[in-house]
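As a plain string of letters, each chain reads:
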Amino acid sequence: LGVKKFGGERVIPGNIIVRQRGTRFHPGDYVGIGKDHTLYALKEGWVKFERNKLTGRKWVHVQPKDGCEIHPIYAHSGPALHLK
């Protein structure tokens, strides 16, 4: 259990980012969640951790490589990233 890929590390689709019991970290953009609450990458890119200042909720995002846009399905699954 624990964080397998840290912020700024490069991931490819299927890489496990966090193994956890319960949802200590929540899936954000381009991050999937397994039956056992494992978070994994859905696209190639870099890992980014984010914390909501008001609620304290922790999000994990994958920032895709240049030229990728956020698919509409994933745009509403958490706080939006400003990718440039």
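Residues numbered from 1 in each chain as written. Predicted model: local features only at pLDDT ≥ 70, side-chain atom pairs only at ≥ 80, totals over all residues. Heavy atoms only, no water.

- Going by what an unreviewed UniProt entry lists, the protein chain is known as Ribosomal protein L27 and is assigned to Genlisea aurea.

### As for the packing of aromatic side chains
Thought 1: Following the criterion strictly, the structure yields one aromatic pair and no others.
Thought 2: We note Arg10 situated over the ring of Trp46; from NZ or CZ to the ring centre the distance is 4.7 Å.
Thought 3: The side chain of Lys58 reaches across the aromatic face of Phe25, ending 5.5 Å from its centre. (Phe/Tyr/Trp six-rings, centres within 6.5 Å; stacked < 30°, edge-to-face > 60°. Lys NZ or Arg CZ within 6 Å of the ring centre and 35° of its normal.)

### Comments concerning the pattern of salt bridges
Thought 1: For the coordinates displayed, the defined rule picks out three salt bridges.
Thought 2: Two residues, Asp36 and Arg19, come together in a salt bridge whose shortest N-O distance is 3.7 Å. One end of the pair, Asp36, is in the loop between strand 5 (31–33) and strand 6 (39–41); the other, Arg19, is in strand 3 (residues 16–19), with 17 residues separating them in the sequence.
Thought 3: We note a salt bridge from Glu44 to Lys65, for which the minimum N-O separation is 3.9 Å. One end of the pair, Glu44, is in the loop between strand 6 and strand 7 (45–51); the other, Lys65, is in the loop between strand 8 (58–64) and helix 1 (72–75), and 21 residues separate them in sequence.
Thought 4: Looking at Glu44, the relative accessible area reads 29%, which means it is partly exposed.
Thought 5: The class of Lys65 is partly exposed, set by a relative accessible area of 34%.
Thought 6: Connected via shared salt-bridge partners are Arg10, Glu44 and Lys65. (Salt bridge = Lys/Arg side-chain N within 4 Å of Asp/Glu carboxyl O. Helix = DSSP H or I, 4+ residues; strand = E, 2+ residues; numbered from the N terminus. Buried < 20%, exposed > 50% of the residue type's maximum accessible area, 1.4 Å probe, protein only.)

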